[in-house]
Amino acid sequence: MVSIVPNNIQIEDDRTGINVETLKRAFLDNLFYIQAKFPKISTKNDYYMALAYTVRDRLLNRWLQTTQTYLEKAPRTVAYLSAEFLMGPHLGNNLMNLGLYNVVKQAMEEFGLGLTDLLEQEEEPGLGNGGLGRLAACYIDSLATLEIPAIGYGIRYEYGIFDQEIKNGWQVEITDKWLRYGNPWEVPRPEAELEVKFGGHTENYTDEHGRYHVQWIPFKVVKGVPYDTPILGFQTNNANTLRLWKAEAPESFDFEAFNKGDYFGSVQEKSECENITKVLYPNDDSYQGKQLRLEQQFFFVSCSLQDMIRMMKAQNLTLERFHEHFAIQLNDTHPTIAVAELMRLLLDEHQFDWDKAWNITTKTFAYTNHTLLPEALERWSINMFGSSFPRHLQIIYEINLRFLDEVRIKFPDDGNRLRRMSIIDESGERYIRMAHLACVGSFAINGVAELHSELLKKTTLHDFYEMYPEKFTNVTNGVTPRRFMVLSNPRLANLITKKIGDSWVTNLDELRKLETFLYDSDFCKEFHQVKQDVKQDLANYIRTNYNITIDPNSLFDIQAKRIHEYKRQHLNALYIITLYNRIKANPNLDVTPRTFLFGGKAAPGYYMAKLIIKLINSIADVVNHDPDMRDRLKVIFLKDYNVKFAQRVYPAADLSEQISTAGKEASGTGNMKFSMNGALTIGTLDGANIEIREVVGEENFFLFGLTAEEVLQKKAAGYNPWDYYNSNPELKLAIDRISSGFFSHGDPNLFKPLLDSLLYRDQYLLLADYQSYIECQDRVSQAYRDREQWIRMSILNVARIGKFSSDRSIRDYVQNIWKVSALKVEVPEYSQSTN
Ligand code: CRA
């Protein structure tokens, strides 16, 4: 065919070139043709959208090439199933990964637009609660960066995690309408929609060969429409796909009702279907047992499995090899109904026999446990489960029957063990224990930090460990240094790169080379200056948004994470009150000036967590208005802590509060992000803190508190919080300050539930750890006064944090669990002809 493109014009220059001139033209084009605006009438958001489309255009070639390569080569692929993906804003990350940050910045400047301003404009997709959802996002980044064929499957919630406002010191939840102005990063694929069944009953039939089958006759069918987002790796051509499913009503059902003249019925049906992906459940580390949540889980799992089967068919692969083609990771038990759904698809829709189907299923799934907290272990009542998924209930009964036979063979005459291990909890109202289903249906089971994985084997999953020791392994969590260092702390990243080159970004262990400069006073000065500048930025932000002035020379002490009693924000609060009391008793006391910053959301139904927020704000009110505290103590609760804001906060911390009761925080990931940015940690021997302390060195970590074992012993020995209250005057004074109504305008009842919980139960042993904590905090204050030494400790935290890159975690999963290989994607130069 004759080319109609003149040879001297390069298509990529015209359409997706990356020089300033082309970028500017593309930007104006998108503003005009997509936003339908010209500069004079454009809003900041129009500019953001135009830029986002300009960047997306430059991503598509790699994305399509990746899809094409995966389709052709049909490599073994990881499917990461997660009810949550807390991605954070895309624009900056894509600019960084494409290597376009600086040139785009220049192009925007030539229009008089600030890139920082435009980045600020992005409404982040908050499709997750906290650690678990953000972990999924870090893993998706590392998978692409390591060029591993992978798909992230999840739910496209119309409303993500609520926005938090603080009114009169209390948390108020606001609907997160993140899609209001459109989402330039997703591509809807209505042509790839699938159907998902709910409710109804099952019928048995025998086929012409005399084989017995079960058919599920659903009560309703919902459409799943995939929305795809490209996830480009850092400076690679691999752009994996994040495929999120949206629920819609199938037209055929609408028509039926419509034809019967039941217009409202059909519309109601439509909205009921769409309810399934309407909103994210805002609970972290606890679950609610709501039917809609179960339906969300099944909905995205069924869509994803059907999608995988469809892909294999498109590649002419036989389903007998499903487990060779896909490794499916279950991110906690949320997607665990997949075990039963894959069985159903193989048995009922593809006519496999039980043994063959079970063999494939148990070679496909791997399960990550993220918590030991009993209130977070999902259990579904049999009645509820059966009413939505009658066929899956039958399958689970059958799995359980066969499983218990296995247990009986391995451990004869052990009725208690059978009762403990059964997938069905029969102790009262009957429940399905999802963690048990996950253990039985998976070939690998992992915890998320050494201690957590050990505790799993010893406690929560002990019986399963005895049954299947070979399934158990640990993969310590990690976080992406791209978003949490390069993007969020460019000053630090540039300083590091100036010293050791830039390969640390994809090989974080190289940060070790920084240790050479530990006694290089110029480097130490620059390192310190970076921290001061970042702190100044945060101070400016707080001045603008809260009208509070904080001193960048004070110690920035930050606790930012979900609010939960086990995370013990109120222990931190007790220390603040203790400092307050000391200064009040001795106004001339020489204290190290501190700024206490808190951030985090409370689950809307978690009263105690909300009361903790109110307590912190009440303390802040008193402290910040007391002239005796001026230049010494400031307390601020930062509202609406999310990924975007986290990126501002981690770099500015001097001290990272990781003070959970030992044995309760499975891993934590904020602990890693703070340390990566040079904060020192004050922490317990819990979760990944233990491993962080191991690598950064115990002299560069402020340790306090009981160990997990001591916590158990103390409880077993009959722990009585009153003993601590009565014998520790500072503790008593701090608690009495609260109970007297000092922080609540004289109202002694406001915080009573919190104080009663501490004095009469103290499940999380705040009182037992109080003394050790305040002594440790006092050591921190002392240490901060020796600036040179503090800087060196801070440098060592950065230099030795390499282990906690999510690249390392993904390599662990790849080698020990998934057994997949990287597949490099080549992007050919654009063809110069149109044939
Ligand atoms: N709430 C744990 O509590 C852990 C993350 C990611 C959590 C954290 O300690 O870092 O998972 N658990 O592994 C969880 O969500 C359902 O359990 C979390 O984020």
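What counts and what doesn't
Residues numbered from 1 in each chain as written. Predicted model: local features only at pLDDT ≥ 70, side-chain atom pairs only at ≥ 80, totals over all residues. Heavy atoms only, no water. Pairing = 2+ DSSP bridges. Helix = DSSP H or I, 4+ residues; strand = E, 2+ residues; numbered from the N terminus. Core = buried A, V, L, I, M, F, W, Y, C linked by side-chain atoms within 4.5 Å. Buried < 20%, exposed > 50% of the residue type's maximum accessible area, 1.4 Å probe, protein only. Domains from an automatic or database assignment. Contact = heavy atoms within 4.5 Å. Buried area = accessible area lost by both parts, 1.4 Å probe. Salt bridge = Lys/Arg side-chain N within 4 Å of Asp/Glu carboxyl O. Polar contact = N/O pair within 3.5 Å; in protein donor to acceptor, adjacent residues only side chain to side chain. Near = heavy atom within 4 Å. Nonpolar A, V, L, I, M, F, W, Y, C, P; charged D, E, K, R; others polar. Arc of directions from axis to C-beta.

Peer 1: Which residues make up the sheet that holds strand S24 (residues 680–683), and what values do they have?
Peer 2: If you trace the six strands from one edge of the open sheet to the other, you get S22-S21-S20-S23-S24-S25, paired in parallel fashion. With partners counted over all chains shown, the strands left at the sheet margins are strand S22 (633–638) and strand S25 (702–703), one partner each. Examined bridge by bridge, strand S20 (residues 555–560) and strand S21 (residues 594–599) share six bridges and lie parallel to one another. Within S21, the position partnered with Gln 559 by the bridge is Phe 598.

Peer 1: An account of the nonpolar core is requested, with residue identities and associated values reported.
Peer 2: If you look at the biggest cluster of nonpolar residues, it comprises 185 residues, and the most contacted ones within it are Leu 81, Phe 299, Leu 305, Phe 322, Ile 328, Phe 702 and Trp 818. Ranked by residues supplied to this core, first place goes to helix H24 (residues 607–625) with eleven residues. When we break this core down by domain, the ones giving at least three residues each are domain 1 (74–89 + 124–157 + 189–280 + 287–474) and domain 2 (481–705 + 773–804). Not counting residues within four places of it along the chain, the set of residues in contact with Phe 322 comprises Leu 305, Met 308, Ile 309, Met 312, Ile 328, Leu 342, Ile 360 and Thr 364.

Peer 1: Explain the domain arrangement of the chain to me, using residue names and the numbers behind them.
Peer 2: The domains assigned to the chain are domain 1 (74–89 + 124–157 + 189–280 + 287–474) and domain 2 (481–705 + 773–804). With centres defined by C-alpha atoms, the gap from domain 1 to domain 2 works out at 38 Å. Contacts between the two partners involve 25 residues from domain 1, matched on the other side by 24 residues from domain 2. Contact between domain 1 and domain 2 buries roughly 1800 Å² in total, counting both sides, with carbon and sulfur atoms accounting for 61%. Taken together, the links from domain 1 to domain 2 amount to one salt bridge. With its nearest N and O atoms 2.9 Å apart, the salt bridge here joins Asp 141 to Arg 482. One can count seven residue pairs in polar contact (both at pLDDT 80 or more) joining domain 1 with domain 2.

Peer 1: I'd like to hear about the site of the ligand, residue by residue, with values.
Peer 2: Neighbouring the ligand are 15 residues, the closest being Asp 285, His 370, Asn 477, Glu 665 and Gly 668. Asn 477 is positioned with one of its side-chain polar atoms (N or O) 2.9 Å from an oxygen atom of the ligand. Taking Tyr 566, its side chain carries an N or O atom lying 3.3 Å from an oxygen atom of the ligand. Here the residues of the shell around the ligand sort into five nonpolar, six polar and four charged.

Peer 1: Would you mind going over the pairing of strand S4 (residues 150–155) in detail, with residue names and values included?
Peer 2: The buried fraction of S4 amounts to six of the six residues, a majority that puts the element mostly inside the structure. Because side chains alternate across S4, one face comprises the buried residues Ala 150, Gly 152 and Gly 154, and the other comprises Ile 151, Tyr 153 and Ile 155, equally buried. Here four bridges tie strand S1 (residues 77–81) to S4, and the two strands are oriented parallel to one another. Counterpart to Leu 81 in the pairing with S4 is Tyr 153. Alignment of S4 against strand S12 (residues 239–248), held across five bridges, turns out to be parallel. Across the sheet, the residue bridging to Tyr 153 is Arg 243, located in S12.

Peer 1: Break down helix H30 (residues 729–739) for me, with residues and values.
Peer 2: When we look at burial in H30, the residues that qualify are Leu 731, Ala 734, Ile 735 and Ile 738. Down the axis of H30, the buried side of the element spans an arc of 90°, and every buried residue falls inside it. Structurally, H30 contributes buried residues whose contacts are with helix H23 (569–585), H24, helix H29 (721–727), helix H31 (752–761) and helix H32 (766–785). Its side-chain oxygen at 3.2 Å from the backbone nitrogen of Glu 730, Asn 728 defines the N-terminal cap of H30. Downstream of H30 by a residue or two, Gly 741 has a phi angle that is positive, lying close to 90°.

Peer 1: Give a description of the pairing of strand S5 (residues 163–167) that names residues and reports values.
Peer 2: Taken together, the five bridges between S5 and strand S6 (residues 170–174) define a ladder with antiparallel strand orientation. The partner of Glu 165 across the bridge, within S6, is Val 172. Here S5 folds back onto S6, and the loop between the two strands holds two residues, one of which, Asn 168, carries a positive phi near 55°.

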